[in-house]
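Coordinate analysis (summary)
Chain residues, written in single-letter form:
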Amino acid sequence: MLPSFFHSDTLPVLEQKLIDRIVDFLWDEPVQLFQCSLVCAAWYGAARRHLMGFQGILDIDCERDLSDFAHILLSPRNKQYGRAVRILGLEDSPEARFAHTLPDYLPGSLLPNVTSLNFSQLDWTAESSRPRDTFFTWLTSFDSVTSLYLEDCRFRHADDIHSFALVLPKLKELHIDTSAVEGDPPSSAAWSRQARPASTEDIDALTTSASELSIAENALTAHPTVMCLHVNMTLYHSFPHFQRFMQTFPSLREVLLGGDPSWSVPDPSDDTVLLRIDTPMDIWPMLALHNMSAGNLVQFIGLLTAQFHKIREVNLSLHGPLTPTLEYAIEELTRMTGPELTSFFWDSCRDKEALQGTSIQVNSLMLLNNLSAKDQKRTPACALLLPLLHPKC
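Residues numbered from 1 in each chain as written. Predicted model: local features only at pLDDT ≥ 70, side-chain atom pairs only at ≥ 80, totals over all residues. Heavy atoms only, no water.

Notes on the side chain of His241
- Tracing the backbone shows His241 in helix α10 (residues 239-246).
- By relative accessible area, His241 is classed as buried at 7%. (Helix = DSSP H or I, 4+ residues; strand = E, 2+ residues; numbered from the N terminus. Buried < 20%, exposed > 50% of the residue type's maximum accessible area, 1.4 Å probe, protein only.)

As structure tokens, this is what we get:
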């Protein structure tokens, strides 16, 4: 029998090993664990081992985890836990596919406040791992989801992706990363003309770094309300190909292009107008060019400034040596935009030391005069999203 210790002859103190053992039995009662953590330092330390991994994120990577979390959430005493989950992440297992069984385990009503769904390693090319009929019905219960991430996934048809957008009523951001589509839609792409219900939100941000362009062309162009577009330039086989894709989004206001294309970026002309915008404007809200060579940075800056004389937010990331032509292009950009330039972010994967003596560094005084003290200190929001396209050097 374990000894007990007393302070002031009133309060018994158990050994830490016994407290740890008691708390271990509450592994599936997160709300009770939280209450234990409020007792004293000893109980806090025991409960913290089970609670420290939870910060509003629920990650599932095997069927056992799925079963355990379902068991936790189905307990009436754990309703507060389900309400605290904001991000639901699921990484399917190539050895034992289980994602298609989600509706059997985890009712969406148990997670009413989830705002982001993250799926990775899905493989819907094989009949055995394709989602069941109840899968997309199950997704409709996540009526608070605004962001959907599909990473390293394989789909049989692009309409699999379009189906996600149709059943998530408040979806506003769709991010597709290193995923692939195996074949064309089965019925002459008739699905792409199917609109989202009138009661749903407009999708206003799309990221694509898919390994097959059919995802971008078939799934993304079905959403003309997109305002923020993230594009992997290595997906396009020619400038006209890229230009046609960009002009299908009349509501665009933010463009993030990543990577060097395999073709030469043309000079500005009437035939190389990059965007077809529904509302005339003189100032373009935001341009981000990431992980590009100096030559491509110069050409894309030229294409956009030929169409819009000023750019309010600029985010540039150079891959390779800095050139005098790029220095001049940036100087002209800051000069033309003047006080309208509210945010400027610059990064170079190479030759960081060489930047210290360039005219970009010297003429940044002109840029600083354009920016308010507040904007000088902040990093543009797009800088936080760029790693989705390419890892930093």
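Quick word on helix α8 (residues 159-167)
- The buried fraction of α8 is high, at eight of nine residues.
- Taken as a whole, α8 has its buried residues at Asp159, Asp160, Ile161, His162, Phe164, Ala165, Leu166 and Val167.

So, the nonpolar core
- In this structure, Phe242, Met246 and Phe300 are the most contacted members of the largest nonpolar core, which totals 42 residues.
- Elements with a minimum of two residues in this core: β11 (228-232), α10, β12 (254-258), β13 (283-292), α11 (294-307), β14 (310-318), α12 (324-337) and β15 (343-348).
- Counting residues per element, this core draws most heavily on α11, which supplies seven residues.
- When residues no more than four places from it in sequence are discounted, the contact partners of Met246 are Leu229, Val231, Leu252, Val255, Leu274 and Leu275. (Core = buried A, V, L, I, M, F, W, Y, C linked by side-chain atoms within 4.5 Å. Contact = heavy atoms within 4.5 Å.)

Focus: the pairing of strand β5 (residues 116-120)
- Within β5, four of the five residues are buried, leaving the element largely enclosed by the surrounding structure.
- Across five bridges, strand β4 (residues 87-91) lies against β5 in parallel orientation. Residue Leu90 lies in a different strand from β5, and its bridge partner there is Phe119.
- The sheet contact formed by β5 and strand β6 (residues 147-151) spans five bridges and is parallel. In the sheet register, Asn118 faces β6, and the bridge partner there is Tyr149.
- At this point the chain moves from β5, through helix α7 (residues 134-139), to the parallel β6, and the crossover so formed is right-handed. (Pairing = 2+ DSSP bridges. Right-handed = clockwise from strand over helix to strand, strands pointing away.)

Side note on empty space enclosed by the protein
- Considering all chains together, one arrives at one cavity of 30 Å³ or more under this definition.
- Among the elements of the structure, β4 and β5 are those that each provide at least two residues to the lining of the largest cavity.
- Looking at the lining of the largest cavity residue by residue, the class counts come to six nonpolar, two polar and no charged. (1 Å grid on protein atoms, 1.4 Å probe; cavity = no way out; pocket = protein on both sides within 12 Å on 5 of 7 lines; lining within 4 Å. Points joined across faces, edges and corners; volume = space filled by probe spheres on them. Nonpolar A, V, L, I, M, F, W, Y, C, P; charged D, E, K, R; others polar.)

A short note on unusual backbone geometry
- The backbone phi angle of Gln121 is positive, close to 65°, even though this residue is not glycine.
- Look at Asn291: it is not a glycine, yet its phi comes out positive at around 60°.
- Here Asn291 is to be found in strand β13.

A short note on a negative patch on the surface
- There is a patch of like negative charges on the surface, built from Asp59, Asp61, Glu91, Glu151 and Asp152.
- Structurally, Glu151 can be placed in strand β6. (Patch = residues over 30% accessible without salt bridge, like charges linked within 9 Å, V, L, I, M, F, W, Y side chains within 5 Å. Areas by Shrake-Rupley, 256 points an atom, 1.4 Å probe, with all protein chains shown as cover. Salt bridge = Lys/Arg side-chain N within 4 Å of Asp/Glu carboxyl O. Lys, Arg positive; Asp, Glu negative; His and termini not counted. Charge placed at Lys NZ, Arg CZ, Asp CG, Glu CD.)

A look at helix α4 (residues 63-74)
- In this model, α4 (twelve residues) spans 16 Å end to end at C-alpha, consistent with the 16 Å of a helix rising 1.5 Å per residue.
- If you check which residues of α4 are buried, you get Leu66, Phe69, Ala70, Ile72 and Leu73. The buried side chains of α4 occupy one side of the element, clustering within an arc of 160° when seen end-on. Seen from the buried face of α4, the exposed residues on the opposite side, beyond 90 degrees, are Arg64 and Leu74. (Expected span 1.5 Å × (residues − 1). Arc of directions from axis to C-beta.)

Notes on the packing of aromatic side chains
- Across all of its chains, the model carries 19 aromatic pairs by this definition.
- Where Phe135 meets Phe164, the ring centres are 6.3 Å apart and the plane angle is 90°; that geometry is what we call edge-to-face. One end of the pair, Phe135, is in helix α7; the other, Phe164, is in helix α8, and 29 residues separate them in sequence. For the pair formed by Phe135 and Phe164, the shared burial category is buried.
- Aromatic pair Phe242 and Trp263: ring centres 6.1 Å apart, planes at 35°, arrangement tilted. Here Trp263 lies in the loop between β12 and β13 and Phe242 lies in helix α10, a separation of 21 residues in the sequence. Of the two residues, Phe242 and Trp263, both sit in the buried class. (Phe/Tyr/Trp six-rings, centres within 6.5 Å; stacked < 30°, edge-to-face > 60°.)

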